[in-house]
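# Structural characterization, general
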Amino acid sequence: MRHIDVEHVGIRYAGQQWQPYDVSFRVTAGTVHLLTGPSGSGKSSLMRMIAGLIPEHVFADCAGRVVIFDDATNETRPLTFGDVAYVGQDPDSQVTCRRVVDEVAATLEFHQVPAHEIDDRVSHALHSVGLHDVANHNPWNLSGGQRQRLAIACALARNASVLLLDEPTANLDVAGRTELHDLIRSLRSQERIILMVDHNLHDVVDWVDTVSIITEDGVMATDAVIQETLSGAKIPAISQNTGSHSPQPQSVPAGIGLALKNIAVRHRLQNITFDLQKGKITALIGRNGAGKTSIMCLLAGQCKYNVGQLVEDGNKVHRVSDGAVAWSSQNPEHQFSRLTVREELAIGLAHMDPQGVLTTADIEKLRDDLGLARLGEKSPYMLSGGQKRLLGLWLAIAANRKYLLLDEPTAHLDEVGISIITSIIRKISAAGGTILLVSHDLALITSLANHVVALEDGEILWDGLVEDFINNNDVKVQTGLLPGVDETTKSPASSTTNERNQTPRYNPLVPPIYALSAITIALITSSPGVLGAMLLICLASLVYFDSSLRNVAMKTEAIAIIGIVFGLLGGRGTLYNGGTADLFTHALQHGLLMATICAASVAAFTATRIEDSLDSLSQNFPIPYTWCTVALTGSSISTYIAYDLPAVASAARLRSVYPGRTLHNFWVRLTLPIRYALPLYISAIRYGGRLSETLISRGFGLYPRRTYRTLFPWRLGDTVASVIAVIIALALTVAIH
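Here's a quick rundown of the structure. The structure presented is a predicted model; accordingly, all values stated were derived computationally and were not measured.

## A closer look at the overall build of the protein chain
Looking only at helices and strands, one finds 24 helices and 19 strands in the protein chain. Taking 2.2 N^0.38 as the reference for a compact globule, 737 residues should give roughly 27 Å; the C-alpha atoms of the protein chain span a radius of gyration of 28 Å, in line with that estimate. The principal-axis extent of the C-alpha atoms belonging to the protein chain is close to 90 × 75 × 50 Å. Split by element, the accessible area of the protein chain, about 31300 Å² in all, is 58% carbon and sulfur.

Right, here's the structure in full:
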């Protein structure tokens, strides 16, 4: 029977110890093998080595080998990228396209799956993870949990013989976890080899077939340790909680710290009304994409509300006061600002608010209990997912602010880490701290929270005390904390539609050709009349190709602003050169020129998608598809930076401002770009590296050519249209000169 053997594997990064060290186990086809262990034990590194990323694409010293016994040839051979489908820990670094359906399809195209099969496989994969209704959405407009589902869909579409899942449910709600576990069990019956990393043993221990545990030192646990762990002897009570709630003793008078009244954030939240009480823990619950993180962003000052009132200590405010909020975000890397863990710990203590509910001794004890001090000179960006989470939580707690925001605080944590974090949360609350907690962990919520706010589609579904919530199974099902009927997966798989499947009316390269012709004419003419006519033609094209009047208005406004600014600059240059007679004409020429260039470019990118244009280039011209994919990946990096910038800037501001220090806080805002420049630069470099790993693991470059689910043939009509555009440009050029 087919199986993979991990034989005496060890991995060591530069300047670090071997972790894991001398690890061996076997995974047989038709079984699910669970790999677990403490955070930082080397599980993810081992998964990357099995996937083929280490050491070929990620530099590290390696020992041992990973091989597969192929029953078709009755031989043992190394694993290849063709054998493996891999899902990593970080969903953000697995986004390479600008549309959900294209993300899944690209994986199949890299592996030369015939075009006529791609649509059905993409549709089935998206339906399996409940994303068929957002097939045509931009992945960056989805929640973190939905992007995790997308990464899983890319792996499922492959139908690979070996499926590697590194904490696939860490960002999913309970319903999502249950659905994914059911899906994995169904895949087991199809003779796949499935290896999964997970910390939540209670969800999987009853149905996985075999288990391996890597200890904190990176070595394999003995059979006795495995049996002891699986029996529950080492699982803290927090993970076994079934719904009982023990109210925390309050040492300070209760009162309302923050109140949200009918708050609305455009396209994200509406009619949000609830209170954060001093000394209380409020839990925000809801399915992936319900709006939980949006509320966190609002309270952290990352986004603004356009309707409603925000009240702090009885006073209406535009945002929460400086130095009042500490936020542990979904992505802990947003909180890092230094190159080593030692420096992060030092800056964390330096930014601690001495007026907070915790003492310096409490913060230092938490640091030691979490094992952060021993990480010393390691880069915070090179830690394991669990270690990053612990460091991010410590930085937020060490700030010692009035309001503590915790977004998925137990994701990627082992049982020991969860136990320590829940203890300090209780202590902060008992001392009078105000905590807002986002979690999909029902046991954590019922154990810690005093108050529960349930969200659905950006609105409040239910609001009440945790004692009332415990017995309200309807709310638990609706918010995904208990498995139930998931309406998003009940429509047929064929409901996934995509306009890209339709035969295009024109080749995607034609609009850029027309745009270049228009820009050429604009550059060679000096006639305001010709420029004005070209501008009107471009704006008319924009209206024709964009069905959203709001988008057209926003684009037209931006074009007008650019034209006015450059017109003023042109007039200013004429004035400085001593001329005043032609001042208005020169200003008008400069303004119309830049407006026309911008309008032509915007119209071209509205009429066609950059992905389609790049696909057409590689299909119709002798240009390697790898070049076009790399170009598209570059746009993905710029999209990621635009997505990441508000979070990184917000984190830099939150850790630098202090209560009551108005002048200092003004200086922080003034110098904010300098403060987040290094973290954003490191984040972009890291993202580019992880993105390359994602592409490689999905088969990029494995074959000299790829298939395309949509063909863009160059037809006679495209030639005629392009020739007409070129002739018009040449004729006008000759006429003008």
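## What about the pairing of strand β4 (residues 61-70)?
The side chains of a regular strand alternate between both faces of the sheet. The sheet contact formed by strand β1 (residues 3-12) and β4 spans 8 bridges and is antiparallel. Its bridge partner lying in β4, Gly10 is registered against Ala63. Pairing geometry for β4 and strand β5 (residues 75-78), over 4 bridges, is antiparallel. Bridge assignment links Phe69 to a residue of β5, and that residue is Thr76. Connecting β4 to the next strand, β5, in antiparallel fashion are 4 residues, including Asn74 with a positive phi near 60 degrees.

## Looking at the state of the cysteines
A full pass over the atoms with the stated rule returns 0 disulfides. Unpaired in terms of disulfides, Cys154 finds its nearest cysteine sulfur in Cys97, a separation of 8.2 Å. Taking the relative accessible area as the measure of exposure, Cys154 reaches 2% and is therefore buried. Residue Cys303 stays outside any disulfide, its sulfur separated by 5.3 Å from that of Cys297, the closest cysteine.

## A few points about the side chain of Arg690
Along the chain, Arg690 turns up in helix α23 (residues 672-697). Residue classification places Arg690 among the buried positions, given a relative accessible area of 13%. Once you skip the residues sitting within four places of it in the chain, Arg690 turns out to touch Asp90, Ser93, Glu333, Lys388 and Tyr640.

## A look at the packing of helix α9 (residues 341-350) against helix α11 (residues 385-398)
It is at 9 Å that the axes of α9 and α11 come closest, and there the two elements cross at 20 degrees. Judged by the angle between their axes, α9 and α11 are roughly parallel. Relative to α11, α9 is oriented so that their crossing is left-handed. Contacts between α9 and α11 pair Val341, Glu344, Leu345, Gly348 and Leu349 from the former with Leu391, Trp394, Leu395 and Ala398 from the latter.

## Remarks on unusual backbone geometry
With an omega of 10 degrees, the peptide bond between Gln19 and Pro20 qualifies as cis. Topologically, Pro20 is positioned in the loop between β1 and β2 (23-28). Cis geometry is adopted by the peptide bond preceding Pro55, which originates at Ile54 and carries an omega value of 5 degrees. Topologically, Pro55 is positioned in the loop between α1 (43-50) and β4.

## Considerations on helix α10 (residues 360-369)
Within α10 the residues assigned to the buried category are Asp362, Ile363, Leu366 and Arg367. Each buried residue of α10 lies within a common arc of 140 degrees when the element is viewed along its axis, so the set occupies one face. In α10, the exposed positions angled more than 90 degrees off the buried face are occupied by Ala361 and Lys365. Lining the buried residues of α10 we find α9, α11 and α12 (415-430). Of the residues trailing α10, Gly371 is marked for its positive phi of about 70 degrees.

## Re the nonpolar core
Judged by nonpolar contacts, the single largest core of 44 residues is most densely connected at Val104, Val122, Leu126, Leu163, Ile184, Met196 and Val208. Element by element, the count of residues in this core is highest for helix α4 (residues 144-158), at 8 residues. Among the nonpolar cores identified, the runner-up in size contains 37 residues, and Leu345, Leu358, Leu393 and Leu448 belong to it.

## What about the sheet that holds β5?
Ordered by their spatial adjacency, 4 strands build an open sheet running β2-β1-β4-β5, and the pairing between neighbours is antiparallel. The open sheet has two free edges, formed respectively by β2 and β5, since each of these has just one partner strand. Neighbour-to-neighbour, the strand axes of this sheet turn through a mean angle of 25 degrees, independent of strand direction. The sheet contact formed by β1 and β2 spans 5 bridges and is antiparallel. Each residue of the ladder has a partner; that of His3, found in β2, is Thr28. Seen against the sheet, α1 touches β1, β2 and β4 and runs at an angle of roughly 125 degrees to β1.

## Thoughts on a nonpolar patch on the surface
Taken together, the side chains of Tyr514, Leu716, Val720, Ile724, Ile728 and Leu732 define a hydrophobic patch exposed on the protein surface, amounting to about 530 Å² of accessible area. As for its placement among the helices and strands, Leu716 is situated in helix α24 (residues 716-736).

## Digging into the sheet that holds strand β17 (residues 434-438)
The 6 strands lie next to each other as β15-β16-β17-β12-β18-β19, forming an open sheet whose pairing is mixed. Only two strands of the sheet have a single partner each, and these edge strands are β15 (325-328) and β19 (459-465). If you compare each strand with its neighbour and ignore which way they point, the axes differ by 15 degrees on average. Across 4 bridges, β15 lies against strand β16 (residues 403-407) in parallel orientation. Looking at the pairing, Trp327 lines up with Leu405 of β16. Packed on one face of the sheet, α11 meets β15 and β16 and runs near 175 degrees to β15.

## Remarks on α23
Between its terminal C-alpha atoms α23 stretches 37 Å, which fits the 38 Å expected from 26 residues at 1.5 Å a residue. At Leu678, α23 shows its maximal bend, which comes to roughly 30 degrees, and the proline Pro679 appears one to four places after that position. Gly699 lies just past α23 and shows a positive phi near 100 degrees.

About the thresholds
Residue numbers restart at each chain and count upward from 1, following the sequence in its written direction. A pLDDT threshold of at least 70 governs which residues receive local features in this predicted model, and a stricter bar of 80 or more applies before side-chain atom pairs are shown or counted, although totals over entire chains, interfaces and linings include all residues. In computing side-chain properties, one takes all heavy atoms of the structure into account and sets aside hydrogens as well as water. Runs of E in the DSSP output that reach at least two residues are strands. Runs of H or I that reach at least four are helices, and both are numbered from the N terminus. Radius of gyration here is computed from C-alpha atoms only, and the compact-globule reference equals 2.2 Å multiplied by the residue count raised to the power 0.38. Method for areas: the Shrake-Rupley scheme with a 1.4 Å probe, in which residue coverage is limited to the protein chains shown. Following DSSP output, two strands are said to pair if at least two bridges run between them. Working definition: a disulfide is two cysteine sulfur atoms within 2.5 Å of each other. Categorising residues by exposure relies on relative accessible area from a 1.4 Å probe, with only protein chains included: less than 20% of the type maximum marks a residue as buried, more than 50% marks it as exposed, and the intermediate range marks it as partly exposed. Residue contacts are counted whenever heavy atoms from the two residues lie within 4.5 Å of one another. For helices, the fitted axis covers only the stretch in contact; all axes are lines through C-alpha atoms, and the angles between them, taken along N-to-C directions, range from 0 to 180 degrees. We call two directions roughly parallel when the angle between them is under 35 degrees, roughly antiparallel when it is over 145, roughly perpendicular when it lies between 65 and 115, and oblique otherwise. Whether a crossing is left-handed or right-handed is set by the direction in which the near helix is turned from the far one by less than a right angle, anticlockwise for left-handed and clockwise for right-handed. It is the directions from the helix axis to the C-beta atoms that the arc portrays. Among buried residues, the Ala, Val, Leu, Ile, Met, Phe, Trp, Tyr and Cys ones that are joined through side-chain atoms within 4.5 Å form a nonpolar core. Patches draw on residues past 30% relative accessible area with no salt bridge. Two like charges within 9 Å are joined, as are two nonpolar side chains (Val, Leu, Ile, Met, Phe, Trp, Tyr) within 5 Å. Basic side-chain nitrogens of Lys or Arg form a salt bridge, by our definition, when they fall within 4 Å of a carboxyl oxygen of Asp or Glu. How far a helix is expected to stretch is found by multiplying one less than its residue total by 1.5 Å. Throughout, bend refers to the angle between the axes fitted to the seven residues that end at a position and the seven residues that start at it.

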